[in-house]
2 protein chains.
Amino acid sequence: MSRTPLPQVLAARARDLIRSHVYRAGDRMPSVREFSRMHGVAVSTGVEAYRILEAEGLLQARPKSGYYVRLRQASSEPIATEPVSIPAHYTRAEVLTAMERNRGLLHAMAFATPNPALLPTRRLAYITSRILRDRPEEAMNYSHPAGLRELREHIAQRMVLAGVAVSPDDLVLTNGCQEAMALALRATCEPGSTVLVESPCFYGVLQLMQVLGYRCVPLKTDPHLGLSLEWTEATLRRLKEDGERVRALVVVPNFHNPLGSQMPDTRKAQLVELAARYNLILIEDDAYGELAFSDHRPRLIRAFDPEGAVLSCGSFSKTLAPGFRVGWVAAGRWRTAIEQLKLALSLCNPSMTHLALADYLDSGFYDGLLRKSRRVYREHTHLMRQHILTHFPVGTRVSTPAGGFVLWVQLPAGFDSVAAYNEAVQAGIGFTPGTLFSTDDTYRNCLRLSAATWNETVAAAVRRLGHLVASQTAASRN
Amino acid sequence: MSRTPLPQVLAARARDLIRSHVYRAGDRMPSVREFSRMHGVAVSTGVEAYRILEAEGLLQARPKSGYYVRLRQASSEPIATEPVSIPAHYTRAEVLTAMERNRGLLHAMAFATPNPALLPTRRLAYITSRILRDRPEEAMNYSHPAGLRELREHIAQRMVLAGVAVSPDDLVLTNGCQEAMALALRATCEPGSTVLVESPCFYGVLQLMQVLGYRCVPLKTDPHLGLSLEWTEATLRRLKEDGERVRALVVVPNFHNPLGSQMPDTRKAQLVELAARYNLILIEDDAYGELAFSDHRPRLIRAFDPEGAVLSCGSFSKTLAPGFRVGWVAAGRWRTAIEQLKLALSLCNPSMTHLALADYLDSGFYDGLLRKSRRVYREHTHLMRQHILTHFPVGTRVSTPAGGFVLWVQLPAGFDSVAAYNEAVQAGIGFTPGTLFSTDDTYRNCLRLSAATWNETVAAAVRRLGHLVASQTAASRN
């Protein structure tokens, strides 16, 4: 047993609560009565504990009101905004955690967040307010696990434009495209399954491979055409000869992240045929599908699949409202399994986001918004690309995306994107290190930049990043 | 190859889209140009397809505007609201899917949804509107995977009142308590692990056992004291002797669902000690913890664990806003793993729900609301219990919960809750069949009723259910 007097023990506990910011400057502490009851001691002991902290200047008693955390205590503290370095030995999860911690500091270039000026924020705010006023009970209650039917009808209509006839009943709404992909994988692939992925591959997919316990095999891509079918077929043949069963293939046919490539329709049809031949499930991520630089929204792979054997995932995060977290999966023959998984793992999503998006889509403004977004992203991507080629060292290669808003930058061999990240973040500049996009070190000399926003500040950051890259690659040569 | 003429093929596709309600009465169809492009045919073929449907009376051409789905077509259709029966051979997932499909029809008694009159719906609507107006960019953007820090601070403060000193950094916000439990389990237990659960057990937990692939072992409970420690220890001893490693125990200490039991503090402390002895992870579900019928909010099991080895899950779904889907997990030493899982599986939750709840909690109204909710739920639960005892057959037993708002009803052996469900649902009455609360048929003669709402309609439904139960039990005796 500790021999510290009880009031001191209690005072120490309260001190910890203040130091760890459970109670902040200006907050009222629990009443002496509550505090004593919580610790199962007499009220007089609680009083003594608070008096110790008052003597230390940590608490302040206000007559008839209680004890408050003193203001000077917190206001003299430095605000913790130090960037988080990526450790030398890292996993992708650690890199992402570091990036998330740096979110406040980092530039728009680091995350694939849409340009705020292109989001119909005020209109959605207005619609949401109106729904909360007119249909509060509906907006506040649990929704169906598959989500609001009216919104599923709108999504089914948009899928028609991508060449796919799907019933609203076939769709399950999710917490963004990431949950859609997670559910599509879980419903179709047991842990331990072998799953094919593109290389480079969006890190969100690689995280899912790790977390859901799949063996993942990378496939070659072409910077313009996306997934190499020749390579895919050769890999499937080789694995079959080795007696390894391949369960699924995850593919981003339209505006691949990070390449920006677009798979031609003929290849989509060939891929479906190849998948049928090898009894392979196709899971497509269409997060950027609406953001073509040309006038035509490309088709989904599902458009070439009459059997419903392709699972298509999408979301409104890149075009309407990242913070609403509304995605979907057109689940084909796994529809019931996916709804049951959704129910088991997170019940349902916030109703008001579904009601608001359905209302927005009713208004008919979406097509005009998409036309504008496509034009702006095409311009921004082009301008950032030119700026990189001008200000980065000779030998730098940059992707020429067909849609979306990210650029993939390849630097001379020897460039270390993780070391550069830790330097750049000190200068308040962000990017995504290339190492995130594969399971090995293939892309250590690469980085991804988001061109969603382009202005003088971003241009200056690109130039500064160019200098940093130049000095690092020069140093690596010595 | 099909020999059906191309315009007929196209017309059939468009017909399917209308029949499956992708396009509903009054909707504008894709333009002839779009429609033809989508199918890779000449515009003249698209025109012909639409004309076929116009002749059938399915479409209507409007000059200079396009083709619309005719109104009379849909308005003559019956509205599909047939209740869904539970199949004779069922799994829990099928029962839940049937219940979800019946949601619109069923009575408040079927789901543990809080009483709408007790939710601060108008105030939250007002706050959300204000936030959307004043901080639209923040409300519309991605949030940190762990969720808004201000809200985590409020939750940490409330946990102090449950005897737990936890840093806001220790909390990860989730899509309701269900996702919190899913993440807590995933972070601590590999697929194939053995996990102990209570019997009866909230079906959401059993679904997680199934979906995440655990071997689950049920433990005896007491209707007043909850989990039997004696039984738990005996089970742990037996499994250890058999060489089976038990990884975790899932427990609802405060206002167990469906029992309403409350585990005494001394037992909570003993459970922590037992867990330490057997190297067992404790995961507690505190969804109903704020809804005590007494004046004191009971402590969490975590309050008796100085090591941070207990994972505590909670949510605002039962007290503030089910449709906001805001829960949390106090993750102790698994904090980083849980944040990384959250990031991988669903990225983050809608920002505006966090901003709105933090603002509501700032206002200080929450404690008053909880006092009122506790009083109302105590009354409603008492009244429904009396009504059941009066109108159900002799031999019926009903729980006496210490908090929350559900009742657990045991009927004479031979009563079949699944058959009764299918009958009751035809009469527009809902309940939760007892079979959902275990992995076997132990509770086939039981049912759970929610007493959140109590009025003459609910009372009449309870009486009608009593008759139905009486006739079924009488029939089973013949």
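Here the structure is a predicted model, which is why all the values come from computation and not from measurement.

About the cut-offs
- Residues numbered from 1 in each chain as written.
- Chains lettered and ligands numbered in written order.
- Predicted model: local features only at pLDDT ≥ 70, side-chain atom pairs only at ≥ 80, totals over all residues.
- Heavy atoms only, no water.
- Least-squares fit on C-alpha atoms with pLDDT ≥ 70 in both.
- Contact = heavy atoms within 4.5 Å.
- Helix = DSSP H or I, 4+ residues; strand = E, 2+ residues; numbered from the N terminus.
- Polar contact = N/O pair within 3.5 Å; in protein donor to acceptor, adjacent residues only side chain to side chain.
- Pairing = 2+ DSSP bridges.
- Axes fitted to C-alpha atoms, helices over the stretch in contact; angles between N-to-C directions.
- Salt bridge = Lys/Arg side-chain N within 4 Å of Asp/Glu carboxyl O.
- Buried < 20%, exposed > 50% of the residue type's maximum accessible area, 1.4 Å probe, protein only.
- Buried area = accessible area lost by both parts, 1.4 Å probe.
- Nonpolar A, V, L, I, M, F, W, Y, C, P; charged D, E, K, R; others polar.
- Lys, Arg positive; Asp, Glu negative; His and termini not counted.
- Parallel < 35°, antiparallel > 145°, perpendicular 65-115°, else oblique.
- Left-handed = near helix turned anticlockwise from the far one by under 90°.

### Comments concerning the relation of the copies chain A and chain B
Structural alignment of chain A on chain B gives an RMSD of 0.1 Å, achieved by rotating through 180° and translating 0.0 Å along the axis. These values place the two chain copies in the arrangement generated by a two-fold rotation axis. For chain A, the smallest separation between a C-alpha atom and the rotation axis is recorded for Ser-129 of chain A, amounting to 2.4 Å. Interface residue correspondence from chain A to chain B reaches 100%, placing this contact among same-surface, isologous pairings.

### A few points about the side chain of Ser-228 of chain A
Residue and element names in this part refer to chain A. Topologically, Ser-228 is positioned in the loop between strand S7 (226-227) and helix H11 (229-241). A distance of 3.1 Å separates a polar atom in the side chain of Ser-228 from the backbone nitrogen of Trp-231. Other than its neighbours up to four places away in sequence, Ser-228 contacts Lys-220, Thr-221 and Arg-267.

### Remarks on the sheet that holds strand S9 (residues 310-315) of chain B
Residue and element names in this part refer to chain B. Ordered by their spatial adjacency, eight strands build an open sheet running S3-S10-S9-S8-S7-S4-S5-S6, and the pairing between neighbours is mixed. With one partner strand each, in any of the chains shown, strand S3 (171-174) and strand S6 (226-227) form the two edges of the open sheet. Bridge count for S9 against strand S10 (residues 327-330) is four bridges, and the pairing is antiparallel. In the sheet register, Ser-312 faces S10, and the bridge partner there is Ala-330. The strands touched by helix H13 (residues 335-346) are S3, S9 and S10; relative to S3, the strand with the most contacts, the crossing angle is about 25°.

### A few points about the pattern of salt bridges
Summed over all chains, the structure comprises 44 salt bridges over all chains. With its nearest N and O atoms 2.7 Å apart, the salt bridge here joins Asp-416 of chain B to Arg-444 of chain B. Remark: Arg-444 of chain B occurs in the loop between strand S13 (432-433) and strand S14 (446-450) and Asp-416 of chain B occurs in the loop between strand S12 (406-410) and helix H16 (417-426); sequence separation between them is 28 residues. In this structure Arg-444 of chain B comes out as partly exposed when scored by relative accessible area, which is 21%. Beyond isolated ion pairs, a larger network of salt bridges with shared partners links Arg-158, Asp-286, Glu-290, Arg-297, Asp-367 and Arg-374 of chain A.

### Some words on the sheet that holds strand S13 (residues 406-410) of chain A
Residue and element names in this part refer to chain A. Taken together, four strands build an open sheet; the order of strands is S12-S13-S15-S14 and the sheet is antiparallel. The two strands at the open ends of the sheet, each matched to only one other strand, are strand S12 (397-398) and strand S14 (432-433). Both S13 and strand S15 (residues 446-450) contribute to a ladder of five bridges, which runs antiparallel. When the sheet's bridge partners are listed, Gln-410 is paired in S15 with Cys-446.

### With respect to the interface of chain A and chain B
The interface of chain A with chain B comprises 82 residues on the first partner and 82 residues on the second. With both chains or domains summed, chain A and chain B bury close to 7100 Å², and 59% of this area falls on carbon and sulfur atoms. Among the residues chain A hides against chain B, the three largest losses belong to Met-38, Met-140 and Tyr-142 of chain A. Together they make up 11% of the total. Counting across the interface, chain A meets chain B through two salt bridges. A salt bridge links Arg-24 of chain A to Glu-153 of chain B; the nearest nitrogen and oxygen atoms lie 2.6 Å apart. Across the chain A-chain B interface, the total number found is 28 residue pairs in polar contact (both at pLDDT 80 or more). Classifying every residue of the side of chain A that touches chain B gives 38 nonpolar, 24 polar and 20 charged.

### Comments concerning the side chain of Asp-305 of chain B
Residue and element names in this part refer to chain B. As for its placement among the helices and strands, Asp-305 is situated in the loop between strand S8 (281-285) and S9. The buried charged residue Asp-305 lacks any salt bridge partner; its closest oppositely charged side chain belongs to Arg-302, at an N-O distance of 4.4 Å. In terms of polar contacts, Asp-305 uses its side chain to reach the backbone amide nitrogen of Ala-309, at 2.7 Å. Among all residues touching Asp-305, those that are not within four sequence positions of it are Val-272 and Val-310.

### Describing the packing of helix H1 (residues 6-19) of chain A against helix H3 (residues 43-55) of chain A
All names here are of chain A. Orientation of H1 relative to H3, taken along the N-to-C sense of each, is 55°, at an axis distance of 8 Å. Classified by the interaxial angle, the pair formed by H1 and H3 is oblique. Considering how the two elements wind past one another, H1 and H3 form a crossing that is right-handed. From H1, Leu-6, Pro-7, Gln-8, Leu-10, Ala-11, Ala-14 and Arg-15 reach across to H3, where they touch Thr-45, Gly-46, Glu-48, Ala-49, Ile-52 and Leu-53. Here the residues of the contact of H1 with H3 are counted per class, giving eight nonpolar, three polar and two charged.

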